[in-house]
Amino acid sequence: MTTENPPVPAQEWASWHEHRTATVSAPYGPLALTGTHWLADHSDGALPGLPGRWREDGDTIVLSAAAGDGLTADGEPLTGEIGLGADTGPFAESRIAAGPRRLVVLRREGLWAVRDFDPESAARRAFRAIDATPYDPAWTLPGRFRPYEASRTVRVENADGRERGLGLGGEIAFTAGGTEHTLQVAVEPDGALWAVFADATSGHGGFPFRFLRPAAPAADGTVTVDFNRSLLPPCAFADHFICPFPPPGNTLPIAVPAGERAVLTD
């Protein structure tokens, strides 16, 4: 009897990169986003390029639609009014659609917006690949998660020019080039970590900042810090995302030549 050899890290990374490319180029992936429209900026309820009228009503958005608007809700033609909460599932499963487009309801810090995902977007048609550095085992590093006694929120600029709160639950420490470095991280509901960071290569042939999403740390706090899986943020694929910039202290003084670098287009 023969047994298959387990995949080596470079093979695992190649599969991850292939899946990542397929995800961002999917019909309702980040390349499909053509607009994020904040209701507070449109008091008449008419959002640019979107059918229907949209207004806030406490903890919901109320969408008013006529038959000629061509909107559907939960797959059925929509006429009259419907109350909507924020969409929390995959973009492709948002409740409201306009033909092939998906209109995704978003709420941030009490403000409502509607995102317009169009599979025929120019960005999706022009996309060719994600430029990423080939796997380098030197950038898969042991680290340690140090939780804060209480979570904290810092105000950081976002890609749309507005300042918003970024929740942080601790920091990860790792050693590179003989020196210890730290990154502040958010803690996801499943225990996974999320860092927004820059390094000495940021903005020099690559995007100005990136995301890192380590898996949940072990019970003793140990965690793998794999910069080979550094991600371009959604706003690298479409200007209409509101990605947070790195918080103070999350710009590393070293070059991290690993992970995703840039979006390649035709």
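The coordinates are above.
Per-chain numbering applies: the sequence of each chain, read as written, is numbered from 1 onward. The predicted origin of the model limits local features to residues at a pLDDT of at least 70 and limits the giving and counting of side-chain atom pairs to 80 or more, whereas totals for whole chains, interfaces and linings rest on all residues. With hydrogens and water set aside, each side-chain value is computed from the structure's full complement of heavy atoms.

Caption draft 1: The overall build of the protein chain, seen in detail. Helix and strand counts for the protein chain stand at 2 helices and 17 strands. When its C-alpha atoms are laid out on the principal axes, the protein chain stretches across 65 × 50 × 45 Å. For the protein chain, with 266 residues in total, the buried portion stands at 44%. Within the protein chain, counting contacts between residues at least 6 apart in sequence, those at least 24 apart form 60% of the total. Summed over its atoms, the accessible surface of the protein chain is roughly 13,300 Å², and 52% of this surface lies on carbon and sulfur atoms. The numbering of helices and of strands both runs from the N terminus, where a helix is a DSSP run of H or I of at least 4 residues and a strand a run of E of at least 2. Throughout, exposure labels follow a simple rule: accessible area from a 1.4 Å probe, protein chains only, divided by the maximum for the residue type, with under 20% read as buried, over 50% as exposed, and the rest as partly exposed. Only heavy atoms enter the contact rule, under which two residues are in contact if any of them lie within 4.5 Å. Only the protein chains shown count as covering a residue, and every accessible area follows the Shrake-Rupley method with a 1.4 Å probe.

Caption draft 2: Spotlight on unusual backbone geometry. A positive phi angle, near 55°, is found at Asp74, a position not held by glycine. Looking at the secondary structure, you find Asp74 in the loop between strand 4 (71-73) and strand 5 (76-77). Positive phi values are uncommon outside glycine, yet Glu109 reaches one of about 50°. With respect to the helices and strands, Glu109 occurs in the loop between strand 8 (101-108) and strand 9 (111-117).

Caption draft 3: Quick peek at the pattern of salt bridges. Each salt bridge in this description consists of a side-chain nitrogen of Lys or Arg and a carboxyl oxygen of Asp or Glu lying within 4 Å of one another. Per the stated rule, a full pass over the model turns up 15 salt bridges. Connected through shared salt-bridge partners, Glu109, Arg155 and Glu163 make up one network.

Caption draft 4: Representation of the side chain of His37. Turning to its location among the elements, His37 is positioned in strand 1 (residues 33-38). Of the polar contacts made by the side chain of His37, one reaches the backbone oxygen of Pro48; its length is 3.4 Å. For His37, the contacting residues outside a window of four places in its chain are Leu47, Pro48, Leu50, Trp112, Ala113 and Val114. N or O atoms closer than or at 3.5 Å make up a polar contact, with two conditions inside protein: a donor-capable atom paired with an acceptor-capable one, and, for residues adjacent in sequence, both atoms drawn from side chains.

Caption draft 5: Broad picture of the sheet that holds strand 16 (residues 222-226). Taken in spatial order, the 6 strands line up as 15-14-13-12-11-16 in an open sheet, and their pairing is antiparallel. Of all strands in the sheet, those with a lone pairing partner are strand 15 (210-212) and strand 16, marking the two edges. Strand-to-strand twist in this sheet, taken as the mean axis angle between neighbours without regard to direction, amounts to 45°. Pairing between strands is defined by DSSP: at least two bridges between the two strands are required. Convention adopted: a line fitted to C-alpha atoms gives each axis, helices being fitted over their contacting stretch, and angles between N-to-C directions are expressed from 0 to 180 degrees.

Caption draft 6: Spatial organisation of the packing of aromatic side chains. Planes of paired rings set the category: under 30 degrees apart is stacked, over 60 is edge-to-face and the rest tilted, where pairs are Phe, Tyr or Trp rings (Trp by its six-membered ring) whose centres lie within 6.5 Å. Taken as a whole, this structure holds 10 aromatic pairs when the rule is applied. Consider the rings of Phe117 and Phe241, whose centres lie 6.5 Å apart with planes at 65°: the pair is edge-to-face. Here the residue Phe117 occupies a position in strand 9, and Phe241 occupies one in the loop between strand 16 and strand 17 (259-265), the gap between them amounting to 124 residues. Of the two residues, Phe117 and Phe241, both sit in the buried class.

Caption draft 7: Spatial organisation of the sheet that holds strand 9. Taking strand neighbours across the sheet as the criterion, the 6 strands line up as 1-9-8-7-4-5 in an open arrangement whose pairing is antiparallel. Either end of the sheet is taken by a strand with one partner, and the two such strands are strand 1 and strand 5. As defined by bridge partners, strand 7 (residues 96-98) adjoins strand 8 across 3 bridges and the pair is classed as antiparallel. Bridged to Ala98 within strand 8 is Arg101.

Caption draft 8: Structural detail: the nonpolar core. By nonpolar core is meant a set of buried Ala, Val, Leu, Ile, Met, Phe, Trp, Tyr and Cys residues that side-chain atoms within 4.5 Å join together. By size, the foremost hydrophobic cluster in this structure holds 23 residues, and its most contacted members are Phe117, Trp194, Phe209, Phe211, Phe241 and Cys243. Elements represented by at least two residues in this core include exactly helix 1 (9-24), strand 11 (140-157), strand 12 (163-176) and strand 14 (193-197). Not counting residues up to four positions away in its chain, the partners in contact with Phe117 are Tyr28, Gly29, Ala32, Leu33, Phe91, Pro100, Arg101, Arg102, Val104 and Phe241.

Caption draft 9: View of helix 1. Expected helix span is computed as 1.5 Å times (number of residues minus one). Between the first and last C-alpha of helix 1 there are 22 Å, a value that for 16 residues agrees with the 22 Å anticipated at 1.5 Å per step. For helix 1, the full list of buried residues reads Trp13, Trp16, His17, Arg20, Thr21 and Val24. Taken end-on, helix 1 shows its buried residues confined to a sector of 135°, consistent with a single buried face. Exposed residues on helix 1 whose side chains face more than 90 degrees from its buried face are Glu18 and His19. Here the buried face of helix 1 lies against strand 10 (127-133) and strand 17. Throughout, the arc means that of the directions going from the helix axis to the C-beta atoms.

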